[in-house]
Amino acid sequence: MVSTFKYFIAFIVGVSLHLHQLEASQIYIGAQSVDITPELPVAVTGQFHLRIATEAETPLTANILVLESRENNRMEELAVMVSCDVLYIPIDLIADLRKSVKQRIPGLDVNKIFLNATHTHTAPVLAEEGEYWIPKEGVTQVKDYRLFFVEKVTEGIVSAWNSRTEGSVAWGLSYAVAGYNRRIAYSDGTSGMSSKTNLREFVNLEGSEDHDINTLFFWNKEGKLISMVIGVASPSQEVEGRHAVNADFWHPVRMGIQEKFGKEVCILGWVAAAGDLTPHLRYRKAADDRMRELRNLSRIEELARRIIIAVEEAYETVKTEKQVTPIFKHHIEKVPLPERWVTERDFLDADAFVSDAKKQIANDPKASERLYRRMKWQESTVERYKKQKDNPNPVYGMELHVIRLGDIAICTNEFELFSDFGIRMIARSKALQTFVVQLTGSPGWGSYLPTVKAVQGGAYSAVIHSTLIGPEGGQKLVDRTVEVINGLWPE
Amino acid sequence: MAFYFKLTSSIFLLAFLLFPVLASNDPSFDETLKVGWALADITPDRPVLIAGQFHARLSEGVLDPVSATVLAMESGVGNQTKKVVWISCDLVGISDGTRGGANIRDRIREQVIRLEPSLSPGQIIINATHTHAAPLVSSVDKIEEVYGVSLEKIASGGDAMPPAEYIDFAADRIAKATKEAWNSRKKGGVSFGLAHAVVSMNRLQALHTGKSVMYGNTNNPDFSHIEGHEDHSLNLMYFWDENRKLTGLIINVAAPSQVSEHSYQLSGDFWHDTKEELKKRYGMDIHILGQASAAGDLSPHVMIGGKAEERMQRLLGFEEDGTGRGSLGQRKQIALRISDAVTSIYPVMKDNINWNPEFAHRVAELQLSRRLLSIEDVTEAKKEAEEWQKRYQDMLDDLEKNPEKIKEARWYRDITISHSRLRRGLVVKERYELEKTEPKLPIEVHVLRIGEAVFATNPFELYLDYGMQMKARSPATQTFIVQLTGSGSYLPTKRSIAGGAYGAVPASTLIGPEGGRELVDQTLSLIESLW
C-alpha cells in the first residue's frame, strides 16, 4: 500500500514537472549568417568522380538561429540550429564544432546544437579521409577547410548568441513544386534512379513527392523580421555536376527573399525527407523548360521563384499570428537503429569490385579520379560484412533532435530519408505542422534510407553500399520520432 | 426510352465507322482561328437525384449553379475548315451508353446538330468535371431499379424530375448554348502554359500489410505510404480576342471537383468558386472551361496535414464559410490557388499569343481489353451482394410495416445504400460473362492539337500513372489529358489492383491494367499522327 502511494505521488510530481516544462515562456532569438566559401581551388563533393572547383559562382553560407526561452532571467530551453550549404555534415565535424563553441561560450549546452546540410553538390569535401584521392598540393586541403568551417560557424554561433533578444515567431504552410521523385519504376519490376521516363517500359514514379513549404518567421522585439526557416522537400542539387562552388537554388532563394524582406534576414534552408527526390525534371520536361525560357530564368532561378512565392504567401497569411511565449521544448536522444544486413552476395560483389579497382589504380594512378570514391563506397560494405561476423546485430545510434515550438514540431534525422518515411512521421504527429529535417549528421557511407519498394526496385540510392540503415530501421526511426513528438503534446 | 438511346448510339457508332477521321491531320500554315464561347445554366428548377454516392440524394435546393461551358473553335478558311466544340459540364460523368442505357453525350450531340447542322457528332467533345453535387445522368431506368425505392417515395410524394427528363432538359440548354457559341465565334488567338497548384492529393493509402484503402486513416502505425502519385501541374490554355483581351480559359487540373461531395444542394463545387474568383480578376464575361486530367486515384480531400491546411484556410479569412474537409473554405482556398496559378503566367501568356496555331483533330474508336475477372471475383462479389440483398430486404420489409417513415428527412439513405451495394455486387457476374463473349470494350478517344499542345481524352476515371505515361512519351510540348469524356469507370493500375482499394475492385472497373496500357499506347499513336 505504501509502495502504491509512493508511486502515485511520484506520478503526480512527474506529471506536474512535465506540464511545468511545457509552460510557455518568453522566447529570445538570435540569428547570424556567415560566409563559408572556401579558398580556391577546392575539391567539391557529390559525384563519383573528382571535381576541382576553380570558381565560386555564389558564396556558401552557414545560417544560424539561436532560440532560447527564459523564465525569471533563467534559461529554460535552448536550440541552436545551423543550416549549411554543404553536401553532408560529418559526425566528427559536429564534435569539433561543439568543442569549439564550448570554449567560446562555456555556459551553452552544446548538445543543443544541430546542423543540417542543404545537400548542395557543389561544396567542399568535409569527410576527413577516404572520399576522393585529392591532390596534396595546389588545392585547399580537407583538414584546412574543416578548421575554417568550424572557426566560421563558431563565430556565427557566438554572434547569434550575443545578439539574441526578445522576439516572436509564426509558422506557415504553403506549396511549391521544387522536388520531383527521381526513382523511375519499370514494367519488369526494377527501378532506375534519374533514368528515362519516355519509354514504354515506364510504369510509374516509385514513390511520393512532397510539395509542402513549411516556414517559420522570427521577429525581434521591435517587430522587425530577422530570420526565417524554409523547409523544402528537395535537395539543392540542380547544378550538381559543375566544377564550381555554388549554393545551388538556395542562393537565389536567399537573394530574392532578402530583396523583399531586408538584407539582414537570416534564412535557414531545411531539407525535408527527400532521399528519393531531386529538383531535376523527370517528365514533361519540355513544358516546364518552355515556361522557364519564356520567363528568361535559369533552372535554379525558376526553383527560387516558386519557393519565394510560397514563402511570401505564407508570410502574408500568418504574419498576424506572432507568438511571443510559445511552448518550447528541445529533446535529444540517441535512437538505436538496426543496420541493414549485408549478405554474402553483397560482400562478394563488393570485394571483387574493390580488388579490381585497386589493381586499376595501381596500374594507372590517374584512374583514382574516377574509381577511388566508387571503390571506397563499396569497401564500406566489405567492412560492414566483416563486422557482422563479430556482431550479428549491428546497431547504429542516431542523434535525434525533436523540438516543440508552439503548435509545430521539428524532428531531425541523419539520412537522405526517402519521402515515405517523412510522410509517415507527419501523418502520425500530433503537431499542427511537422518540420522533418534530414542530413543533420553523416556517419559515413550509406546515408540513403530507402523503403521496402525501393530495395525491391534496386538502383543506386537503394543498394547496400548506399544504405547503412534499411527499411526496418527506417520504420523504427519513424516510430520513435513520432513517439517523442507526441510525448511533447500531453494535452 | 432505352430503345431510343440504343438506336441513337448505333447511329453514332455507324458514323464513326464511316468517318473514322473527322478532321484532317495535315495542318496548313494558314490556320486562321475563330473562337466562340457560351455558358449554359443546367441547374434544374425541380428537385433531382444527385449522383456520386451509394445512397440516393434528392436535391434540397441550390448551393450554386451547375453549368456547362461551351468553347467553339474553327480553324482554316473557306469550306475546308476544321471544327471542334468542347463542352465542359458540371456533372459526375457523361453517360455514353457503355454503362446502361443512358447517353447524355449522344443526346447533346443530337440536339446540337439539330440546331447547327454544319457540325457532326465527332466534332463535339464533352467532359465532366466530376462534381458530386450535380444531377444524376447515368441512368434512364426506373429509380426503383436503380435505388430500390421509387422516386415518388424518395420525394415523399413531391414533384421530382426523373433523370431521363433531366437529360433532355440539360441537352436542350447545352445545345442552345453551343449554337450561341458557334454563332459568336470570332477571330482569336491562343497561348498555352504550365503552372502549378496543389488542388488534389492521392486518396489511396498503402498499408504495411500490402493492402490499400481509400480515404483511410494515415495517422496509424499500419500506414506505409501513399499508394500512387500526385500531379500538381496545371495545364492552361488562354484564348484572346483581336484586341488581346482574354475571352476565356481552359483549366486542366488533375483533380475531380468533389469537395462538396456529400451535399444535398446542387453545386458546381470548386469550379464555381474558381470561376467567381477569376471573374473578379479578369471581368464578368470571361469563360472558364474546366477539365479533369488523369485523376482516378486523386481527390481534393487532404489525407495528411489536414489541421495545418484548415488553419491556413482560417487565416485566409474563410472561417465564416467553414473550414476543413468538405467546407466552402476549402473550395475557396482551391479557387485562390488555381487563380493565382492562372495569374502567375498571365503576362507571359499575353506576350506569346499564337494567332495562327496548327489545328488538327482526330477521333477514334479504340478497342480495349476488358478486365479479365476470375470466378473467385464473381464468388466474392456474389457473397457481398447476398449480404446486401438481405439488408435491403429487411429495410424494405420494415418500410412496409412502417410506411410513415418516408415522412422523415432523408429516410431513404440506408436502404438506397443497400440496394446500390447489392447491384454493385451483381454487375461483377455480368462483366465476367461479358468478357467471354465481348472481350473488347469500344471507347471514344479524341486528340486535338492546338499549336504545340495536345488534348487527349478518355472516358474513365483514369489513374494518374497512365496520364503520366502519356505525358512522358508525348511528342507535344504540353499534353492535356482529359478524363471523363464518357460515363466513367475507374481504370486502375496493377499496383492498385494488388492493393485492392475501392477504385480497383472488380465492381468498380470495366478495364484493367492491360486495357490501360492499350489506352496509353493507342492514344500516343493518335497523338503522334498529329505531329
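Residues numbered from 1 in each chain as written. Chains lettered and ligands numbered in written order. Predicted model: local features only at pLDDT ≥ 70, side-chain atom pairs only at ≥ 80, totals over all residues. Heavy atoms only, no water.

Some points on a negative patch on the surface
Reasoning step 1: A cluster of like negative charges, contributed by Asp141, Glu144, Glu145 and Glu152 of chain B, occupies part of the molecular surface.
Reasoning step 2: Taking the relative accessible area as the measure of exposure, Glu145 of chain B reaches 47% and is therefore partly exposed. (Patch = residues over 30% accessible without salt bridge, like charges linked within 9 Å, V, L, I, M, F, W, Y side chains within 5 Å. Areas by Shrake-Rupley, 256 points an atom, 1.4 Å probe, with all protein chains shown as cover. Salt bridge = Lys/Arg side-chain N within 4 Å of Asp/Glu carboxyl O. Lys, Arg positive; Asp, Glu negative; His and termini not counted. Charge placed at Lys NZ, Arg CZ, Asp CG, Glu CD. Buried < 20%, exposed > 50% of the residue type's maximum accessible area, 1.4 Å probe, protein only.)

Here we look at the interface of chain B and chain A
Reasoning step 1: Taken together, the contact between chain B and chain A spans 44 residues of the former and 49 residues of the latter.
Reasoning step 2: Three residues, His229, Arg311 and Met312 of chain B, lead the burial of chain B against chain A; their summed loss comes to 14% of the area buried on that side.
Reasoning step 3: Inspection of the region where chain B meets chain A yields four salt bridges.
Reasoning step 4: Counting across the interface, chain B meets chain A through 16 residue pairs in polar contact (both at pLDDT 80 or more).
Reasoning step 5: Put simply, the parts of the chain that give the side of chain B that touches chain A at least two residues each are strand S7 (186-196), strand S11 (223-226), helix H7 (306-318), helix H8 (328-350), helix H11 (464-473) and helix H13 (513-529) of chain B.
Reasoning step 6: Ranked by residues supplied to the side of chain B that touches chain A, first place goes to H7 of chain B with eight residues.
Reasoning step 7: Looking at the side of chain B that touches chain A, its residues break down into 16 nonpolar, 16 polar and twelve charged. (Contact = heavy atoms within 4.5 Å. Buried area = accessible area lost by both parts, 1.4 Å probe. Polar contact = N/O pair within 3.5 Å; in protein donor to acceptor, adjacent residues only side chain to side chain. Helix = DSSP H or I, 4+ residues; strand = E, 2+ residues; numbered from the N terminus. Nonpolar A, V, L, I, M, F, W, Y, C, P; charged D, E, K, R; others polar.)

Description of the domain arrangement of chain B
All names here are of chain B.
Reasoning step 1: According to the domain assignment, chain B contains domain 1 (2-370 + 440-529) and domain 2 (375-437).
Reasoning step 2: The C-alpha-based centres of domain 1 and domain 2 are spaced at 29 Å.
Reasoning step 3: With 25 residues of domain 1 in contact, the opposing surface of domain 2 contributes 23 residues.
Reasoning step 4: Here domain 1 and domain 2 share an interface that buries about 2,100 Å² over both sides, 57% of which is from carbon and sulfur atoms.
Reasoning step 5: By the criterion of area lost to domain 2, the three top residues of domain 1 are Phe54, Arg370 and Ala507, representing 27% of everything that side buries.
Reasoning step 6: Joining domain 1 to domain 2, the criterion identifies one salt bridge.
Reasoning step 7: Here Glu60 makes a salt bridge to Arg410, at a shortest N to O gap of 2.7 Å.
Reasoning step 8: On inspection of domain 1 and its partner domain 2, the count reaches 15 residue pairs in polar contact (both at pLDDT 80 or more).
Reasoning step 9: Secondary structure elements with two or more residues in the side of domain 1 that touches domain 2: strand S3 (57-58), helix H3 (143-147) and helix H4 (151-154). (Domains from an automatic or database assignment.)

Re the sheet that holds strand S10 (residues 183-186) of chain A
Residues and elements named next belong to chain A.
Reasoning step 1: Taken together, three strands build an open sheet; the order of strands is S11-S10-S12 and the sheet is antiparallel. At either margin of the open sheet sits one strand with a lone partner, and together these are strand S11 (191-193) and strand S12 (202-205). Each strand of the sheet is rotated relative to its neighbour by a mean of 30°, with strand direction disregarded.
Reasoning step 2: Taken together, the three bridges between S10 and S12 define a ladder with antiparallel strand orientation. By the bridge assignment, Ala185 is partnered in S12 with Asn204. (Pairing = 2+ DSSP bridges. Axes fitted to C-alpha atoms, helices over the stretch in contact; angles between N-to-C directions.)

Observations regarding the pairing of strand S1 (residues 26-35) of chain A
For a regular strand, the rule is simple: side chains alternate between the two faces of the sheet.
All names here are of chain A.
Reasoning step 1: Note: S1 against strand S4 (residues 61-71), ten bridges, orientation antiparallel. Residue pairing across strands places Ile27 opposite Ser69, the latter belonging to S4.
Reasoning step 2: Where S1 meets strand S8 (residues 165-175), two bridges bridge the pair, whose relative direction is antiparallel. Counterpart to Ile29 in the pairing with S8 is Thr165.

Notes on unusual backbone geometry
Reasoning step 1: Along the chain, Leu40 of chain A connects to Pro41 of chain A via a cis peptide bond; the corresponding omega equals -10°.
Reasoning step 2: Structurally, Pro41 of chain A is set in the loop between S1 and strand S2 (42-45).
Reasoning step 3: A positive phi angle, close to 55°, is found at Tyr215 of chain B, a residue other than glycine.
Reasoning step 4: Inspection of the secondary structure puts Tyr215 of chain B in the loop between strand S10 (212-214) and S11.
Reasoning step 5: Residue class for Tyr215 of chain B comes out partly exposed when judged on its relative accessible area of 21%.

What about the packing of H11 of chain B against H13 of chain B?
Residue and element names in this part refer to chain B.
Reasoning step 1: At a closest axis distance of 10 Å, the pairing of H11 and H13 adopts a crossing angle of 30°. It follows that H11 is roughly parallel to H13 by the angle criterion. Handedness of the H11/H13 crossing: right-handed. In this structure, H11 contributes Tyr466, Gln469, Met470 and Arg473 to the contact, and H13 contributes Pro513, Gly516, Arg517, Leu519, Val520, Asp521, Thr523, Leu524 and Glu528. (Parallel < 35°, antiparallel > 145°, perpendicular 65-115°, else oblique. Left-handed = near helix turned anticlockwise from the far one by under 90°.)

What about H13 of chain B?
Reasoning step 1: Here H13 of chain B is 17 residues long and its end C-alpha atoms lie 24 Å apart, about the 24 Å a rise of 1.5 Å per residue gives.
Reasoning step 2: Every buried residue of H13 of chain B is accounted for by Gly515, Gly516, Arg517, Glu518, Leu519, Val520, Asp521, Thr523, Leu524, Leu526 and Ile527 of chain B. (Expected span 1.5 Å × (residues − 1).)

Digging into the packing of aromatic side chains
Residues and elements named next belong to chain A.
Reasoning step 1: All told, the structure shown has 27 aromatic pairs over all chains when counted by the stated rule.
Reasoning step 2: When the centroid spacing of 6.4 Å and the interplanar angle of 50° are considered together, the rings of Tyr145 and Phe149 count as tilted. Taken as a pair, Tyr145 and Phe149 lie in helix H3 (residues 142-163) at a separation of four residues, close to a single helical turn. By the burial criterion, Tyr145 is buried, and Phe149 matches it. (Phe/Tyr/Trp six-rings, centres within 6.5 Å; stacked < 30°, edge-to-face > 60°.)

Here's the deal with the domain arrangement of chain A
Residues and elements named next belong to chain A.
Reasoning step 1: When the domains of chain A are assigned, the result is domain 1 (24-336 + 395-487) and domain 2 (340-390).
Reasoning step 2: A C-alpha centroid distance of 30 Å is found between domain 1 and domain 2.
Reasoning step 3: At the boundary of domain 1 with domain 2, total buried surface from both sides reaches about 1,900 Å², with 61% on carbon and sulfur atoms.
Reasoning step 4: Area buried by domain 1 at its contact with domain 2 is led by Phe48, Ile464 and His465, which between them contribute 42% of it.
Reasoning step 5: Between Glu131 and Arg373 there is a salt bridge, with its nearest N and O atoms 2.8 Å apart.
Reasoning step 6: Linking domain 1 to domain 2 there are 14 residue pairs in polar contact (both at pLDDT 80 or more).
Reasoning step 7: Residue composition of the side of domain 1 that touches domain 2, by class: 14 nonpolar, nine polar and one charged.

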